[in-house]
Amino acid sequence: MGGGVSGALLVIGDVVTDVVARHRGPLATGTDTAASIRTLPGGAGANVACWAAHWGNPDVRLLGRVGADAAAWHGRELTAAGVRPHLVVDAVAPTGTVICLVDAGASAERTFLTDSAASLRLAPDDWSDALLDGVARLHLSGYLFFSGPSRALAAVALDAARSRGVPVSLDPASAGFLTESGVDTFLAFAEGLDVLLPSRDEACLLTGLPDPEDAAAKLSRQVPLVVAKQGGQGALVAASGAVRARIPAVPVSPRDTTGAGDAFTGAFLAALLAGAEPEEAAEQGCRAGALAVTTVGGRPPVRTP
């Protein structure tokens, strides 16, 4: 990476508590399935922020909303990860919770049961333009689009960033939720973005095209830079209607794929802020994704003194 960091990264998104249950083989309906279960800090937005800090950005900030039940714990965990938290404490709703069911077999694939709770109650009143002071990039978690208040906040933040010339990136976050909330609504918002970071499934859903390369290319006619995450097949970098780079994945034996896409995004943004070109930043993203799938949970491994 080149150049050195030239400003802060502000992430707006979800902060949730992950309950990760790693089991081997199919779930046994109606009876017990043995599993290893851990409670960990998570949330796509929070994970991205932590990975960006882990990847060397010294000034990462996060705006999120949590319940009073776990606000102090999440604040401590974010601070320990090198992130400056701006957490709004919800007086009504509890902190969001995600049950992560992880098949401990060869694929380490995961299924999420999501109760977003307080995380989707972020609203325009939680925003201040002062949050952008010193910020060189704004990143929005796609989970903001799955409720009216948080979608309105995302629009306010986008307008504020654009008025200051701050580039904005977005990770769509969930193909399932995108289907429910509406592709057209999402694409209308995407007109104001500088970078879009969809997964393979999200890119195909947003374009209606079955081939991920075609999908990434089409999206890059609407958003200047599209980086489509392909899991074990690496990543595609597309601009001006064409795929301009295919970045290979780093081969590893996965333990838990939770947060791999968030790791990619965090490292990618940290690399961009350090002066890397998009292709090099995507290589850094693939390295982070590989590290993530060898770690249980969605956050980076804890640094030891």
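See above for the structure.
Report on the accompanying structure. (Residues numbered from 1 in each chain as written. Predicted model: local features only at pLDDT ≥ 70, side-chain atom pairs only at ≥ 80, totals over all residues. Heavy atoms only, no water.)

### What to know about helix H3 (residues 148-163)
In an α-helix, one turn spans 3.6 residues, which is why side chains three or four residues apart end up on the same side.
Consideration 1: The terminal C-alpha atoms of H3 lie 23 Å apart, and with 16 residues this matches the ideal 22 Å at 1.5 Å per residue to within 8%.
Consideration 2: Taken as a whole, H3 has its buried residues at Ser150, Leu153, Ala154, Ala157, Leu158, Ala160 and Ala161. All buried residues of H3 project into a common sector of 165° when viewed along the axis, lining one side. Away from its buried face by more than 90 degrees, H3 exposes Asp159 and Ser163.
Consideration 3: Of the surrounding secondary structure, the elements contacted by the buried residues of H3 are strand E1 (8-12), strand E4 (60-67), strand E8 (135-141), strand E9 (168-171) and helix H5 (183-190).
Consideration 4: Within two residues after H3, glycine 165 carries a phi angle of roughly 75°, on the positive side. (Helix = DSSP H or I, 4+ residues; strand = E, 2+ residues; numbered from the N terminus. Expected span 1.5 Å × (residues − 1). Buried < 20%, exposed > 50% of the residue type's maximum accessible area, 1.4 Å probe, protein only. Arc of directions from axis to C-beta. Contact = heavy atoms within 4.5 Å.)

### Observations regarding the environment of alanine 217
Consideration 1: The topology assignment puts alanine 217 in helix H7 (residues 212-219).
Consideration 2: Taking the C-alpha atoms as reference points, alanine 217 and leucine 272, 55 residues apart in sequence, are found 21 Å from one another.

### Some points on the nonpolar core
Consideration 1: Membership of the largest hydrophobic core comes to 48 residues, with the highest contact counts inside it found for Ile12, Trp127, Leu138, Leu140 and Leu196.
Consideration 2: For this core, the leading source of residues is H3, giving 6 residues.
Consideration 3: Leucine 138 has contacts with Leu10, Ile12, Ala157, Leu158, Ala161, Val166, Pro167, Val168 and Ser169, leaving out every residue within four places of it along the chain.
Consideration 4: Formed by 42 residues, the second largest nonpolar core is a distinct cluster that contains Ala46, Trp51, Val237 and Ala282. (Core = buried A, V, L, I, M, F, W, Y, C linked by side-chain atoms within 4.5 Å.)

### Some points on the pairing of E8
Consideration 1: Among the 7 residues that make up E8, 6 are buried, leaving the element largely enclosed by the rest of the structure.
Consideration 2: As defined by bridge partners, E1 adjoins E8 across 5 bridges and the pair is classed as parallel. Considered in E8, the bridge of leucine 9 is made with arginine 137.
Consideration 3: Alignment of E8 against E9, held across 4 bridges, turns out to be parallel. By the bridge assignment for E9, histidine 139 is matched with serine 169.
Consideration 4: Regarding topology, H3 serves as the crossover connection from E8 to the parallel E9, and that connection is right-handed. (Pairing = 2+ DSSP bridges. Right-handed = clockwise from strand over helix to strand, strands pointing away.)

### Observations concerning the sheet that holds strand E11 (residues 225-229)
Each strand in a sheet pairs with its neighbour through backbone hydrogen bonds, running either in the same direction (parallel) or in the opposite one (antiparallel).
Consideration 1: Read across the sheet, 9 strands follow the order E5-E4-E1-E8-E9-E10-E11-E12-E13 without closing on themselves; strand pairing throughout is mixed. The sheet is open, and its two edges are formed by strand E5 (83-90) and strand E13 (242-247), each paired on a single side.

### Notes on helix H6 (residues 200-207)
Consideration 1: Of all the positions in H6, only Glu202, Ala203, Cys204, Leu206 and Thr207 are classed as buried.
Consideration 2: Packing partners of the buried residues in H6 comprise E9, helix H4 (175-181), H5, strand E10 (195-196) and H7.
Consideration 3: Just past H6, the residue glycine 208 takes up positive phi, approximately 75°.

### A short note on the pattern of salt bridges
Consideration 1: A full pass over the atoms with the stated rule returns 10 salt bridges.
Consideration 2: The partner of lysine 229 in a salt bridge is aspartate 171, and the shortest N-O contact between them spans 2.5 Å. Taken together, the residues lysine 229 in strand E11 and aspartate 171 in strand E9 connect sequence positions 58 residues apart.
Consideration 3: Assessed through its relative accessible area of 8%, aspartate 171 is described here as buried.
Consideration 4: Among the ionic contacts, a cluster of salt bridges with common partners joins Arg65, Asp90, Arg121 and Asp126. (Salt bridge = Lys/Arg side-chain N within 4 Å of Asp/Glu carboxyl O.)

### Let's talk about the side chain of serine 141
Consideration 1: Within the fold, serine 141 resides in strand E8.
Consideration 2: Serine 141 has contacts with Ile12, Gly13, Asp14, Ala44, Gly45, Leu170 and Asp171, leaving out every residue within four places of it along the chain.

### Quick notes on the sheet that holds strand E2 (residues 16-23)
Consideration 1: The 4 strands lie next to each other as E3-E2-E6-E7, forming an open sheet whose pairing is mixed. On the outer flanks of this sheet lie strand E3 (35-42) and strand E7 (110-115), each paired with one strand and no other. Ignoring strand direction, the axes of neighbouring strands in this sheet form an average angle of 20°.
Consideration 2: Across 6 bridges, strand E6 (residues 96-103) lies against E7 in antiparallel orientation. In the sheet register, valine 98 faces E7, and the bridge partner there is threonine 114.
Consideration 3: Sheet strands in contact with helix H2 (residues 71-80) are E2 and E3, and its direction is about 80° off that of E3. (Axes fitted to C-alpha atoms, helices over the stretch in contact; angles between N-to-C directions.)

So, to be careful, I would describe these as geometric facts and stop short of saying anything about function.
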